[in-house]
Amino acid sequence: MAYKPDAQKLKDVCDLVVGASEFKPAGGVTKCNLAVRRILEGMGIDLFFDKKLKRVLLANEMISFIEGHPAMFARYSDTDSAIADARGGYVIMACQRGQFHGHVAILYPRGS
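Notes on the structure follow. (Residues numbered from 1 in each chain as written. Predicted model: local features only at pLDDT ≥ 70, side-chain atom pairs only at ≥ 80, totals over all residues. Heavy atoms only, no water.)

## As for the overall build of the protein
Reasoning step 1: Scanning the protein for helices and strands turns up four helices and four strands.
Reasoning step 2: Mapped from its N terminus to its C terminus, the protein presents α and β elements in the order α-α-β-β-α-α-β-β.
Reasoning step 3: Here the C-alpha radius of gyration of the protein, 14 Å, is about what a compact globule of 112 residues would show, namely 13 Å.
Reasoning step 4: Overall size of the protein, expressed as C-alpha extent along the three principal axes, is 35 × 30 × 30 Å.
Reasoning step 5: Across the 112 residues in the protein, those meeting the buried criterion constitute 31%.
Reasoning step 6: Intrachain contacts of the protein at a sequence separation of at least 6 include 58% that bridge at least 24 residues.
Reasoning step 7: Total accessible area on the protein stands at roughly 7500 Å², and carbon and sulfur atoms take up 56% of it.
Reasoning step 8: Taking the 15 positively charged and 12 negatively charged side chains of the protein as two groups, their mean positions are separated by 5 Å. (Helix = DSSP H or I, 4+ residues; strand = E, 2+ residues; numbered from the N terminus. Rg over C-alpha atoms; globule rule 2.2 N^0.38 Å. Buried < 20%, exposed > 50% of the residue type's maximum accessible area, 1.4 Å probe, protein only. Contact = heavy atoms within 4.5 Å. Areas by Shrake-Rupley, 256 points an atom, 1.4 Å probe, with all protein chains shown as cover. Lys, Arg positive; Asp, Glu negative; His and termini not counted. Charge placed at Lys NZ, Arg CZ, Asp CG, Glu CD.)

This is the structure in structure tokens:
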């Protein structure tokens, strides 16, 4: 089934995940990868779980997956287009590769 953009559903899912204590940073460890995975699940998108290792991919691993599957993902050259699509209910993921640990996030569709 193809993904159907839904700004209100994306807002609701993001609000639930961001408000959940299980995704709050603790002990110097952030859980951005777990939060992104949960948001995607809430939107009906099944990505970033390694069935062999039985765990959610780490942020840098998610970024490598995206880079290795360019046909599955759109890349944005400007933030205005990404923000506009997020407001339209598309799931837009921001990524930053790190030396040891990267960071991933979902753009919240504020203003839609």
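Having seen it, we continue.
## Concerning the packing of aromatic side chains
Reasoning step 1: Using the criterion set out here, one finds two aromatic pairs in the structure.
Reasoning step 2: Relative to F65, the ring of F48 lies with its centre 5.7 Å away and its plane at 85°, an arrangement referred to as edge-to-face. Remark: F65 occurs in helix α3 (residues 59-68) and F48 occurs in the loop between α2 (32-42) and β1 (49-50); sequence separation between them is 17 residues.
Reasoning step 3: When the centroid spacing of 6.2 Å and the interplanar angle of 85° are considered together, the rings of F65 and F73 count as edge-to-face.
Reasoning step 4: Exposure remark for F73: the relative accessible area of 22% places this residue in the partly exposed category. (Phe/Tyr/Trp six-rings, centres within 6.5 Å; stacked < 30°, edge-to-face > 60°.)

## As for α3
Reasoning step 1: Three or more residues of α3 are buried, namely A59, N60, M62, I63 and I66. With its buried residues spanning 155° around the axis, α3 presents them on a single face.
Reasoning step 2: Those residues of α3 that are buried lie in contact with α2, β2 (55-56), β3 (93-96) and β4 (103-106). (Arc of directions from axis to C-beta.)

## A few points about the environment of D15
Reasoning step 1: Within the secondary structure, D15 is located in helix α1 (residues 7-19).
Reasoning step 2: The partly exposed category is assigned to D15, whose relative accessible area is 43%.

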